[in-house]
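Below, each chain spelled out in residue letters.
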Amino acid sequence: MGTKWSLTIDCAQPAKLAVFWALALGYTEKPAPAGFGSWEEWFAHHGVPEDEWDQGAYLSDPDGEGPGLSFQQVPESKAAKNRLHLDVQAGGGRETPWEERWPRVVDAMERLIAAGATVVHEEALGGRPDHLVMADPEGNEFCLL
């Protein structure tokens, strides 16, 4: 078994970006740690100042298999291309036949555009669309395949 890990995304609006990524990945809001009825209780217990309670948001895979995602408010905006990005395999990934995969990718693209994403460009492979490079509402790039 490998080391358990999670991913933290720096952003301006953690709650808003968490809603987008929950939709994109089928994730849900991460429950408060054991022994606490809410994140607010956990924050208060650990002495986090109340004016900082909205500076983060947390998602988890409802099946408990994928990594956790945290969204952390930072003062600066995104300035350059991501050095790390997610491949959202909404179509089932490249092992799924293109005729099945591509309509799923298009459906996911439409849903994510409605949630604030943009298409950066479409990549072709073998003369037909292969995947989309998209950006979330704060401009973080990801691939949809």
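Just so it is clear, the structure is predicted and the values come from calculations on it, not from any experiment.

Participant: Would you take a moment to explain the sheet that holds strand 1 (residues 6-11) for this structure?
Facilitator: With mixed pairing, the 4 strands of this open sheet are ordered in space as 1-4-3-2. Looking at the sheet topology across the chains shown, the edges are occupied by strand 1 and strand 2 (28-29). Pairing geometry for strand 3 (residues 56-60) and strand 4 (residues 68-73), over 4 bridges, is antiparallel. Each bridged residue has a counterpart across the sheet, and for Gly56 the counterpart in strand 4 is Gln72.

Participant: In this structure, what is going on with the layout of surface pockets? I would like to understand it.
Facilitator: If you roll a probe as big as a water molecule over the atoms, it shows you where there is empty space left. Roughly 490 Å³ of internal volume is contained in the largest pocket. In terms of lining, the largest pocket is formed by 23 residues, of which the most central are Ile9, Asp10, Lys78, Asn82 and Asn140. For the lining of the largest pocket, the leading source of residues is strand 1, giving 5 residues. When the residues that make up the lining of the largest pocket are grouped by side-chain class, the tally is 10 nonpolar, 5 polar and 8 charged. There is about 380 Å³ of room inside the second largest pocket. Lining the second largest pocket are 19 residues, and of these Lys4, Trp5, Gly66, Pro67 and Gly68 sit closest to its centre. Looking at the lining of the second largest pocket, the elements that each hand over two or more residues are strand 3 and strand 4. Across the lining of the second largest pocket, the residue classes tally to 7 nonpolar, 8 polar and 4 charged.

Parameters and conventions
- Residues numbered from 1 in each chain as written.
- Predicted model: local features only at pLDDT ≥ 70, side-chain atom pairs only at ≥ 80, totals over all residues.
- Heavy atoms only, no water.
- Pairing = 2+ DSSP bridges.
- Helix = DSSP H or I, 4+ residues; strand = E, 2+ residues; numbered from the N terminus.
- 1 Å grid on protein atoms, 1.4 Å probe; cavity = no way out; pocket = protein on both sides within 12 Å on 5 of 7 lines; lining within 4 Å.
- Points joined across faces, edges and corners; volume = space filled by probe spheres on them.
- Nonpolar A, V, L, I, M, F, W, Y, C, P; charged D, E, K, R; others polar.

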